[in-house]
Amino acid sequence: MRARIVAALSGVLGVLLTAGALVAGPAAHAPNRASVKAIDSANTIEDPAWFQAAYDAGFRLYVMHATSWGTCEPWHRTQLQLKMALDAGLMIAVYTRDPRCWEGGIVAAGPYRSQLQFFAIDVEPGGAQVTREMIDGVKRMGVRPVIYSGSGMWPEEMQYSIAFTDVPLWDAASGPIDYDTWEADFESPKPDRFGGWNTPLTMRIGVQQAFEHELNGIYVDLNSFDATFLR
């Protein structure tokens, strides 16, 4: 029944397009693979209900800053917040603003380390450069490394290096979005090529699409991730 309806609607649409009854605009972009909504935040979240509300709103991944801000020391709330996220059904990952704090960030996850989707090495202007030692160190701790950066940040910090294309990219490409109509799509906005990424063979696995969106009283960044990358 459903197939016949879809076929009929497709036929009607084809007639309309042929007759010029519809004015064609730019083709709507559809991601090649399924996408999921994700949150990243360095903020304190105390109420387990917040995580449940985020899950009910369609989010499936929570990425948090795992060390005390400005230090490499594990943040005392990291495990509490990771547990609340997991209890709500969310997948989890961590990052540190200073990529040199990768070890402290992973240690901060404690018993939830094995459930981390990845550790994000944050490469931004004014920060530290990513090194192969960081990548290998994250792997030795049993966590997948991901590089977070953007086309406007990577060249300044890493001098156009293409030495890390073997590491998945979490792309910073934020801009204004309409949250009420926002749908997950890790290929939107259109990816810019940099650092050897965002080619057909090295497509990013996540994109940060909006900064500082207030979600139920907590400011978070909004992201889309490739569902096939998560596990």
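This text follows the structure it describes.
Residues numbered from 1 in each chain as written. Predicted model: local features only at pLDDT ≥ 70, side-chain atom pairs only at ≥ 80, totals over all residues. Heavy atoms only, no water.

(A) Summary view of the pairing of strand E8 (residues 218-226). Buried residues dominate E8, accounting for eight of its nine residues. Sheet analysis places strand E1 (residues 35-41) next to E8, joined by six bridges and oriented antiparallel. Bridge pairing links Val-36 to Phe-225 in E8. Two strands pair when backbone bridges link them, and strand E7 (residues 206-215) and E8 are joined in this way by seven bridges, in the antiparallel orientation. What sits directly across from Gly-206, in E8, is Phe-225. Counted between consecutive antiparallel strands, the loop separating E7 from E8 contains two residues, among which Asn-216 sits at a positive phi close to 50°. (Buried < 20%, exposed > 50% of the residue type's maximum accessible area, 1.4 Å probe, protein only. Helix = DSSP H or I, 4+ residues; strand = E, 2+ residues; numbered from the N terminus. Pairing = 2+ DSSP bridges.)

(B) Quick look at the environment of Tyr-55. Looking at the secondary structure, you find Tyr-55 in helix H2 (residues 48-56). Take Tyr-55: its relative accessible area is 26%, and that puts it in the partly exposed class. For the pair formed by Tyr-55 and Ala-38, sequence separation is 17 residues and the distance between their alpha carbons is 9.8 Å.

(C) Spatial organisation of the sheet that holds strand E4 (residues 116-122). With mixed pairing, eight strands are arranged side by side around a closed barrel as E1-E2-E3-E4-E5-E6-E7-E8. Sheet twist, expressed as the average angle between the axes of neighbouring strands with direction ignored, equals 30°. Across three bridges, the pairing between strand E5 (residues 145-149) and strand E6 (residues 169-172) is parallel. Residue pairing for E6: Ser-149 is matched across the bridge by Asp-171. (Axes fitted to C-alpha atoms, helices over the stretch in contact; angles between N-to-C directions.)

(D) Quick look at H2. Where H2 is concerned, the buried positions are Trp-50, Phe-51 and Ala-54. The buried residues of H2 all sit within an arc of 95° when viewed along its axis, so they share a single face. The secondary structure elements touched by the buried residues of H2 are E1, strand E2 (59-65), helix H3 (78-87), E7 and E8. Looking one or two places after H2, you find Gly-58, whose phi comes out positive at around 105°. (Arc of directions from axis to C-beta. Contact = heavy atoms within 4.5 Å.)

(E) Structural context of the packing of aromatic side chains. As enumerated under the stated definition, the model contains 12 aromatic pairs in all. Ring geometry for Trp-154 and Trp-197: centres 4.9 Å apart, planes at 75°, overall edge-to-face. A residue pair is termed long-range when its members are at least 10 positions apart, and Trp-154 in helix H6 (residues 154-158) and Trp-197 in the loop between E6 and E7 qualify at 43 residues. Considered together, Trp-154 and Trp-197 belong to a single accessibility category, that of buried residues. Here the aromatic cluster, defined as three or more aromatic residues joined through ring pairs, consists of Phe-118, Tyr-148, Trp-170, Phe-225 and Phe-229. The residue whose ring lies beneath Lys-37 is Tyr-179, and the NZ or CZ to ring-centre distance is 6.0 Å. (Phe/Tyr/Trp six-rings, centres within 6.5 Å; stacked < 30°, edge-to-face > 60°. Lys NZ or Arg CZ within 6 Å of the ring centre and 35° of its normal.)

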